[in-house]
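Tertiary structure, described
As a plain string of letters, each chain reads:
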Amino acid sequence: MTSRISHTSIDCRNAYELSEWWRQLLDYVDVADDPNEPGHEECMILARDGSHHVLFIEVPEAKTVKNRLHFDLRPTDRTQQEEVDRLVGVGATVLADCRGQYGPGTGWVTMADPEGNEFCVLRGDGELAATPG
């Protein structure tokens, strides 16, 4: 017997605001029969193809330490730098630039969402395809 991951849950202070931020960032959608609204304490978004769900759950305490689990984002239609610039423009913060850490063309950029949850931006699909084998 096995299990599968149903969805990824993120504790937060404002489930609606954070779900809206991530929904736009990832180009996800609301659950059709349960759209997210201001004041909802639990808000779920899902990939357009239904392959991944993210649930935002309001909790009373603020984030105080580094996440033990985080998203690694890979840009699909732009470079890593273009994606970092886009995310900064919508409210993300750069925490650490670890590009080149293991040689040219390697590494990631560690960022934080508006509530301080860390995530990383990897090289884009096009950048990977252009890297010799």
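Rules and cut-offs
- Residues numbered from 1 in each chain as written.
- Predicted model: local features only at pLDDT ≥ 70, side-chain atom pairs only at ≥ 80, totals over all residues.
- Heavy atoms only, no water.
- Phe/Tyr/Trp six-rings, centres within 6.5 Å; stacked < 30°, edge-to-face > 60°.
- Helix = DSSP H or I, 4+ residues; strand = E, 2+ residues; numbered from the N terminus.
- Buried < 20%, exposed > 50% of the residue type's maximum accessible area, 1.4 Å probe, protein only.
- Pairing = 2+ DSSP bridges.
- 1 Å grid on protein atoms, 1.4 Å probe; cavity = no way out; pocket = protein on both sides within 12 Å on 5 of 7 lines; lining within 4 Å.
- Points joined across faces, edges and corners; volume = space filled by probe spheres on them.
- Nonpolar A, V, L, I, M, F, W, Y, C, P; charged D, E, K, R; others polar.

According to the stated counting rule, one finds five aromatic pairs in the structure shown. Relative to Phe 71, the ring of Trp 22 lies with its centre 5.4 Å away and its plane at 65 degrees, an arrangement referred to as edge-to-face. Highlighted residues: Trp 22 in helix H1 (residues 15-26) and Phe 71 in strand E5 (residues 71-73), separated in sequence by 49 residues. The same class applies to Trp 22 and to Phe 71, which are both buried.

The side chains of a regular strand alternate between both faces of the sheet. Burial along strand E1 (residues 8-12) is one-sided: Thr 8, Ile 10 and Cys 12 are buried, while Ser 9 and Asp 11, pointing the other way, are not. Across five bridges, E1 lies against strand E4 (residues 53-58) in parallel orientation. By the bridge assignment for E4, Ile 10 is matched with Phe 56.

Now for the layout of surface pockets. Considering only enclosed or pocket space, the largest pocket measures out at about 520 Å³ in volume. Contributing to the lining of the largest pocket are 24 residues, with Ile 10, Asp 11, Lys 63, Asn 67 and Asn 117 lying nearest its centre. If you list the elements that add at least two residues to the lining of the largest pocket, you get E1 and strand E8 (118-121). Grouping the amino acids of the lining of the largest pocket by side-chain chemistry returns nine nonpolar, seven polar and eight charged.

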